[in-house]
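Structure assessment
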Amino acid sequence: MNLFKHTHILRTIAILLSAAMIFNACTKEEEIVPVPTISAGAAVSSKVGDVAKVTATINAPGGLKTLTVLKNGQTFESKAYTGETSISYSKDYTIESLPVGSTVVFTFQATDNKDQASTVATQVITVSAVPAKQVVDVSGVLEGNISWTKDKIYKLKGFVRVGEDLKVDGTPTKTGTLTIQAGTVIIGERSSKATLIIQRGSKIIANGTVDEPIVFTSERAIGEREAGDWGGLVICGKGLNNVTTAGVKGVAELEGQYGAFHGGTDNADNSGSLKYVRVEYAGIPINPNQEVNSFTFGSVGSGTTLEYVQASYGGDDSFEWFGGAVNGKYLVAYRGIDDDFDMDNGYSGNLQYGIGLRGASIADQSGSNGFEIDNDGSGTTNTPATTATLSNFSLIGPKQDNTTAISVQFQNGMHLRRNAQVKIHNTFVTGYPNGIFMDPTGAVSTLTNAEEGKLVLNRVVLSGVKSWGTNNFGAGAGNPNGFAVRDVNTASTPVALANISGKKPSEWFAAQAGNKILEDWSVTGVSTTIFGAGRPTFTVGTSATETLTKGGVAPTGSYFTATDFVGAFKDNDWTAKWSNFSPGTTDYSK
């Protein structure tokens, strides 16, 4: 009996131990779970600026705890989770400005709630070349509604006309509206002297943006581009001018005789809109000594918008207005050959905020100026008179210091002649042999216009170049022998100019509201970079003894923005992003 009981107890203990072992084994098997696994996204090949998807699929039977994503070994993203067993990861990556063929390596690693780590998975993104855009040839007459888009490059061949206007005094036989998308590039064929002409009654709607300007430029490769590679942009309107052609008053053909007829009776005419537009390497001669300007406006009316436009390396004038009343703001003339801003034939618009920058050796045989303003080519009393109002311009000539060699063809910051009747406010001039020349030639002298209040110069600052001749404008230093304000003409034996209200022109100038003549531009707060190649610093220092950041007053008129400074800039660089001061090295093919 005792033996039986003892045996039974032993058997019971064995059974219990066996059950415990089985239970333990089951528990351990349940606690062993697979480590997380990751499947990374497929390799991607995209160009700079594209948005690529960084993707992965994660399985974590033990519950996902963390996911770490590295980009080229540096943390791209680190995320915590709450036990999910399967997730899909996706994040956008904008491809940075990296060399073609570069790779960006994204690595993924996950941990689960048992702190088990996955193996590392990898997704590779390769920076690909930007494919060249399709080039579309454009020629002849365009009519109706035409659209040019930024995914293509448009090549002008010969005279491309929007609309058709066959007679100087006629009615357009065809009209069109050309709309150009922001970011579009247009090139001009050199051999055919390509020129885009917006005829009377037609329009151009070229509204770029600060990030995507519209660019008209040379067809030639980097390193080959030069002034005069193509014609330019010509807009013809129905505004007023003071020309009479074939007995008809107020109509004309632009010089070169290429059918750019302009003029009418509507100074509020609307030829469209130019905003954030650049014209580069234009100005090819149509005939000997008859070049197209970078921007040419023939009798363009005030219904037209003109803002944020740049002319660079033009073969003639950067901007020229023949009559009309179009207004404009934020204008850049960069290293053109002839004049920066030329106005005649009764132009009466308002312009505010303009900068002219010159290259030391780049000048025209006819003489290069910042402003060249006439009533007409003969200085007649024809009406309407050239009566534009200009405010907040900076005319930066080529002479940085007294050692800078400049072309002998540079003449005047302002050449006001042939019965000009303009009003100029808040303007800064430096680096030219002559600051201002009020040239008396013509039926009515500009000196007379000044005396009668028809020619106004207020808050104009003229700065010399230290130690450039005896007067800081080159006097006594041989050619050019300049002056801040000329009191004598430019004959080989100079003759004194007539007085203005009993004063020499220089004395009259000094007596006008806010005008100054300074010995050296360095006291004005402008940066030395404004004379060099490439993008300058335009904002003006406030601590300079004669800083341009104060002393300005906007002229009357609703078009003008209130201002308290002289020149084109104070603390805001309105050229930022959309302009280009190195177009010769810019690749426009992609």
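A word on the overall build of the chain
Helix and strand counts for the chain come out as three helices and 39 strands. What you see for the chain is a C-alpha radius of gyration of 35 Å, clearly larger than the 25 Å of a compact globule of 590 residues, by over 25%. For the chain, the spread of C-alpha atoms along the principal axes amounts to about 150 × 60 × 45 Å. Sorting the 590 residues of the chain into buried and exposed places 51% on the buried side. Across the chain, contacts joining residues at least 24 apart in sequence account for 69% of those joining residues at least 6 apart. As displayed, the chain has an accessible area near 24400 Å², and 51% of this comes from carbon and sulfur atoms. Counting 47 positive and 55 negative side-chain charges, the chain places the centres of these two groups 6 Å from one another.

Some words on the sheet that holds strand S5 (residues 74–80)
Ordered in space as S2-S8-S7-S4-S5, the five strands form an open sheet in which the pairing is mixed. Looking along the sheet, the strands with just one partner apiece sit at the ends: strand S2 (44–47) and S5. Along the sheet, successive strands turn relative to each other by an average axial angle of 20°, direction set aside. Bridge count between strand S7 (residues 103–112) and strand S8 (residues 121–128): six bridges; the pairing is antiparallel. Bridging across to S8, threonine 103 finds its partner in threonine 126.

What about the sheet that holds strand S37 (residues 434–438)?
One open sheet holds the ten strands; their spatial order is S10-S13-S16-S19-S27-S29-S31-S33-S35-S37, and the pairing between them is parallel. Two strands in the sheet have a free side with no partner beyond their single neighbour: strand S10 (141–142) and S37. Pairing of strand S19 (residues 233–236) with strand S27 (residues 295–298) involves four bridges; the strand directions are parallel. Paired with isoleucine 235 across the bridge in S27 is phenylalanine 297.

Comments concerning the side chain of glutamine 421
Mapped onto the elements, glutamine 421 comes out in the loop between strand S35 (412–416) and strand S36 (423–430). There is a polar contact of 3.4 Å between the side chain of glutamine 421 and the side chain of asparagine 419. When sequence neighbours within four positions are dropped, the list of residues in contact with glutamine 421 reads Ala385, Thr386, Thr387, Asn449, Lys454 and Leu455.

What to know about the confidence of the model for the chain
Of all residues in the chain, 94% have pLDDT values of 70 or greater, and the mean over the chain is 94. Below pLDDT 50 for its whole length, residues 19–28 participates in zero contacts with residues either more than four positions away or in separate chains.

Topic: unusual backbone geometry
When glycine is set aside, most residues are seen to have a negative phi, and most peptide bonds are trans. Backbone torsion omega between threonine 383 and proline 384 reads 0°, so that peptide bond is classified as cis. Summarising the element assignment, proline 384 is placed in the loop between strand S33 (371–373) and strand S34 (389–396). Not every positive phi belongs to a glycine, and serine 467 is a case in point at roughly 65°. Within the secondary structure, serine 467 is located in the loop between strand S38 (456–463) and helix H3 (505–511).

So, the nonpolar core
Among the nonpolar cores identified, the biggest contains 101 residues, and Phe216, Leu274, Trp321 and Leu457 are the most heavily contacted of them. Per-element tally for this core: the top contributor is strand S30 (residues 328–334), with five residues. Residue contacts for tryptophan 321: discarding those within four places in its chain leaves Phe297, Leu306, Val326, Leu331, Phe341, Asp342, Met343, Asp344, Tyr347 and Leu351. Core analysis: the next-biggest nonpolar cluster, separate from the first, contains 21 residues, Ala52, Ala56, Ile58 and Val104 among them.

Some details on the environment of leucine 390
Mapped onto the fold, leucine 390 is located in strand S34. Taking C-alpha positions, leucine 390 is 24 Å from phenylalanine 473, a pair spaced 83 residues apart along the chain.

A closer look at the pairing of strand S29 (residues 319–322)
Residue alternation in S29 divides its side chains into two sets, Phe319 and Trp321 and Glu320 and Phe322, and both sets are buried. When S27 meets S29, the two strands line up parallel, connected through four bridges. When the bridges of S29 are listed, phenylalanine 297 appears paired with tryptophan 321. With four bridges joining them, S29 and strand S31 (residues 341–344) adopt parallel strand pairing. Its bridge partner being in S31, phenylalanine 322 is matched across the sheet by aspartate 344.

Some points on the packing of aromatic side chains
Taken as a whole and assessed by the stated rule, the structure comprises 31 aromatic pairs. Consider the rings of tyrosine 281 and tyrosine 313, whose centres lie 5.4 Å apart with planes at 5°: the pair is stacked. Placement of the pair is tyrosine 281 in the loop between strand S24 (272–280) and strand S25 (285–287) and tyrosine 313 in the loop between strand S28 (305–312) and S29, with a sequence separation of 32 residues. Overall, tyrosine 281 belongs to the buried group, its relative accessible area being 4%. With centroids separated by 5.1 Å and ring planes inclined at 85°, the aromatic side chains of phenylalanine 341 and phenylalanine 393 adopt a geometry described as edge-to-face. Taken together, the positions of phenylalanine 341 in strand S31 and phenylalanine 393 in strand S34 put the pair 52 residues apart, joining distant regions of the chain. In this structure, phenylalanine 341 and phenylalanine 393 share a single accessibility class: buried.

Quick word on the pattern of salt bridges
Within the structure shown, the criterion is met by 25 salt bridges. Here aspartate 374 ties to arginine 418 by a salt bridge, and the two come within 3.5 Å at their closest N and O atoms. Here the residue aspartate 374 occupies a position in the loop between S33 and S34, and arginine 418 occupies one in the loop between S35 and S36, the gap between them amounting to 44 residues. Salt bridges linked by common partners bring Arg190, Arg220, Glu226 and Asp229 together as one network.

Digging into the environment of alanine 60
Looking at where alanine 60 falls in the secondary structure, it is placed in the loop between strand S3 (51–59) and strand S4 (64–71). Residues alanine 60 and valine 248 lie 188 residues apart in sequence; the distance between their C-alpha atoms is 88 Å. Excluding its chain neighbours within four sequence positions, the residues that come into contact with alanine 60 are Pro36, Glu84 and Thr85.

Reading guide: rules and limits
- Residues numbered from 1 in each chain as written.
- Predicted model: local features only at pLDDT ≥ 70, side-chain atom pairs only at ≥ 80, totals over all residues.
- Heavy atoms only, no water.
- Helix = DSSP H or I, 4+ residues; strand = E, 2+ residues; numbered from the N terminus.
- Rg over C-alpha atoms; globule rule 2.2 N^0.38 Å.
- Buried < 20%, exposed > 50% of the residue type's maximum accessible area, 1.4 Å probe, protein only.
- Contact = heavy atoms within 4.5 Å.
- Areas by Shrake-Rupley, 256 points an atom, 1.4 Å probe, with all protein chains shown as cover.
- Lys, Arg positive; Asp, Glu negative; His and termini not counted.
- Charge placed at Lys NZ, Arg CZ, Asp CG, Glu CD.
- Pairing = 2+ DSSP bridges.
- Axes fitted to C-alpha atoms, helices over the stretch in contact; angles between N-to-C directions.
- Polar contact = N/O pair within 3.5 Å; in protein donor to acceptor, adjacent residues only side chain to side chain.
- pLDDT = per-residue confidence, 0-100.
- Core = buried A, V, L, I, M, F, W, Y, C linked by side-chain atoms within 4.5 Å.
- Phe/Tyr/Trp six-rings, centres within 6.5 Å; stacked < 30°, edge-to-face > 60°.
- Salt bridge = Lys/Arg side-chain N within 4 Å of Asp/Glu carboxyl O.

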